[in-house]
Amino acid sequence: MGITFDNLSFKYSENLKPLVDKLGWSVDRRAITVLTGASGCGKSTLLYLAAGLYPENSGIITTGHVLIEGKDPAKLNPPERCRLVGMMFQNPELQFCMDTVRNEILFCLENIAIPQEEMEEKLRFSLDFCGIRDLENRALLSLSGGEKQKAALACVVAISPEWVLLDEPFANIDDMSARSIAAALGKLHKEKGVGILAVDHRLDNWIGIADNVAIMKDGRIIPEEIDVRNANPEKLRDLGIIAPGVHYAPSIPQPTPSDIVLEFHNLKACRGKKEILHGISASFRRGMIYAIIGESGSGKSTLFGALSGIFPYSGKALLDGKDIKHLKRSEAGMIGFITQNPQDQFVGGTVRDEILSSLRKDPEAASKSEEILRAIKLWRYRDISPYLLSQGQQRRLGTAALIAYDCHCLVCDEPTYAQDLMNTMAIMDALCREARERNIALIFSTHDRQLAADYADEILTLKEGQLYADSESSL
Amino acid sequence: MRTLNPACKFISLLAVTLLLAGLKDPWWNLSAFLVSLLLLLLSGIRMRTLLLYLLPVVLAAAGMFFTGYRFTAESAMPVRSDTFIFQGNSQLMNGILQLSRVLAYAGLGYLFALTTDRVFMVRSFQKQLHLPQVFAYGLLAAWGIFPHMALEYKRTKAAFRARGIRVYPVSPALLAPLLVKSVRWSEELSIAMESKGFSSNARRTDSSPVRVHARDILFTVFCCIMLPVTALLTH
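Residues numbered from 1 in each chain as written. Chains lettered and ligands numbered in written order. Predicted model: local features only at pLDDT ≥ 70, side-chain atom pairs only at ≥ 80, totals over all residues. Heavy atoms only, no water.

So, on to the layout of surface pockets. The space that makes up the second largest pocket amounts to roughly 580 Å³. It is helix H13 (residues 421-437) of chain A that provides the largest number of residues to the lining of the second largest pocket, a total of 7 residues. (1 Å grid on protein atoms, 1.4 Å probe; cavity = no way out; pocket = protein on both sides within 12 Å on 5 of 7 lines; lining within 4 Å. Points joined across faces, edges and corners; volume = space filled by probe spheres on them. Helix = DSSP H or I, 4+ residues; strand = E, 2+ residues; numbered from the N terminus.)

Next up, the structure:
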């Protein structure tokens, strides 16, 4: 028994080719399995099919079926289905219905008709299991990404399904939170016998937890399964998997540092009433690449949000000697932003408009936009809305649009978020090459220390609201 | 007020609102406003918070006073000044009537909004007023999205500014991405709720059943029967 995909084919609409193509695969409940593969290869789709959420919510199964413990999840009603298979999603922001952790867990227990007198005990057990008893009455909105994922896990523990499926559960959280959640999942598997199938691009959080790695390519599972503990890092790299100890091998020119373009002097920033950045000072030079790393909630997004005007700040943030707060509208674009979610930066009605909006002042905008779109293989989609592109395509468009813009400093908030090895390298190579060639400062944030070490000239660590050069942060 | 059954509270306060709408008596309106303030303070709402909430109300009330004062109905109008109870100085009284209405409705509205927990309210509406559960929990989930919307609005605005494009607060270019995102969010949220076993028609249990107590019945009877009868007798 386990999860069985039997000759399964699935497509999102009649006129598209199948994303899952005659797939046959069995997942053993006795092992924790991680499914990986290139972005857009159909991993998440496969997970949604196993969870019974597709085809009910989207797409068509053209052949075959999925069985979990001998049952077709799509034919069960939601309360029955969630007792068979629970799911944790990539985005911790959009998986809660209630206001507090307590109410959310009770909501889950009510859904599966647990008697009122048993609820308190189950609630306590799930909170203790995930080590979040102190968060019981906290508002979900006030939790960090890692805490939200722990709350989501507590919901799964409370429901106690036979299987748990995880769709990139660590994409939004720092390594420490990721490892503690992975450890809790390992415990859930060992103590409760819960089957676990996770989709992830990065394997380092699963070391010591997962038993097998399966790779998906072109809608199918590659026959060989990899033992996570004994896998050769180079072999993993060849398969496009981001594994610990594997270098990214960037192909970018050497740095030629020139004058300072961006400076912070005693920069303090708040989110709501809480001060997140406690007076940071730093300077960034043209032609250099800087990585900012730090745990979830350390203030990376707050720093970038303050620079883009989303969050208020005090102190000074100077771009070419001018305070960012006082830049004229025509000067605001001198600092470019690539956001974690590419949809946050779209301003055009069509794919081509998106590029053209960056080239407004260029007399050769039309021909240049064609050149750029052909280079990122999106020319054929030029007249459709950027929101209709796949996530990988949106990421390419977002990056290309900002690269096309004539800025002095490019700030990227997790530009490789939820990307596979090949896409990660392609995005970083393009960004870094552009930064070198145009002699602009590139500042990017990441949770991946290896990525920072391989691409950045300087690594800065945000810790407890302070910014340290990497060698200082460990002091 | 915080422990009153929200459905009973809602019906009671709605009845008082309708009663005041029919009375056209500024003293009843002002009394309702003052009682609402007193109950809010007794329910633990801080004076500072209350004053902040009342600021726009006072401005609106002042505006309504001057509108009522300036545009009193003349005898040729369908609604004449002599239909008002106070005829000593109809211009002034018309202004006071408009002002007191704003204060009374705002006071009653705040009394409900500031003393009612939203989860408790939805549970109560579902149980006592038979609100469909898909609507009740959809409402709660949507509530959770509002803070994200405010942040997304700022992000989208920042994206335009970063490319030197000027946008106005309600410009379609700015609202289009927000609409796309809200549709996407609602889809993700409904999938997440379904994966946690939520169904519009399956049987659910209740972790803290919302019951109607004697005090809820007393409050409802007072607001829905005793007050209208008193109003009828005194007018």
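Alright, that's what it looks like, and here's the rest.
For the rest of this paragraph, the subject is the interface of chain B and chain A. Taken together, the contact between chain B and chain A spans 46 residues of the former and 58 residues of the latter. Of the roughly 4600 Å² buried where chain B meets chain A, counting both sides, 57% is carbon and sulfur surface. Of all residues in chain B, Arg 163, Glu 194 and Lys 196 of chain B bury the most surface against chain A, accounting for 20% of the area lost on that side. Summed over the shared surface of chain B and chain A, the number is 4 salt bridges. Among the ionic pairs, Glu 194 of chain B bridges to Arg 81 of chain A, the shortest N-O distance being 2.9 Å. At the surface where chain B touches chain A, the tally comes to 13 residue pairs in polar contact (both at pLDDT 80 or more). Where the side of chain B that touches chain A is concerned, the elements lending two or more residues are helix H5 (118-128), helix H6 (133-162) and helix H7 (172-195) of chain B. In terms of residue count, H6 of chain B provides more of the side of chain B that touches chain A than any other element does, 15 residues in total. For the side of chain B that touches chain A, the class distribution of residues is 21 nonpolar, 9 polar and 16 charged. (Contact = heavy atoms within 4.5 Å. Buried area = accessible area lost by both parts, 1.4 Å probe. Salt bridge = Lys/Arg side-chain N within 4 Å of Asp/Glu carboxyl O. Polar contact = N/O pair within 3.5 Å; in protein donor to acceptor, adjacent residues only side chain to side chain. Nonpolar A, V, L, I, M, F, W, Y, C, P; charged D, E, K, R; others polar.)

Rolled over the atoms, a probe sized like a water molecule indicates the empty space that remains. Residues and elements named next belong to chain A. Counted according to the given criterion, the structure contains 4 cavities of 30 Å³ or more. When its volume is computed, the largest cavity comes out at roughly 260 Å³. Lining the largest cavity are 21 residues, and of these Ala 171, Arg 202, Thr 416, Tyr 417 and Ala 418 lie nearest its centre. Split by residue class, the lining of the largest cavity holds 7 nonpolar, 8 polar and 6 charged. Split by domain, the residues of the lining of the largest cavity number at least three in each of domain 1 (2-238) and domain 2 (260-473). (Domains from an automatic or database assignment.)

Residues and elements named next belong to chain B. Packing of helix H1 (residues 6-23) against H5 brings their axes to within 7 Å, and their N-to-C directions diverge by 85°. Overall, the two elements H1 and H5 adopt an arrangement that is roughly perpendicular. Counting all contacts with H1, which are made through Pro 6, Ala 7 and Phe 10, the residues of H5 involved are Phe 120, Met 121, Ser 124, Phe 125 and Gln 128. Taken together, the residues of the contact of H1 with H5 break down into 6 nonpolar, 2 polar and no charged. (Axes fitted to C-alpha atoms, helices over the stretch in contact; angles between N-to-C directions. Parallel < 35°, antiparallel > 145°, perpendicular 65-115°, else oblique.)

All names here are of chain A. H13 packs onto helix H12 (residues 391-404) with a crossing angle of 0° between their chain directions and a minimal axis gap of 11 Å. On the basis of their axis angle, the class for H12 and H13 is roughly parallel. Of H13, the residues touching H12 (which contributes Arg 395, Thr 399 and Ile 403) are Ile 427, Ala 430, Leu 431 and Glu 434. Taken together, the residues of the contact of H12 with H13 sort by class into 4 nonpolar, 1 polar and 2 charged.

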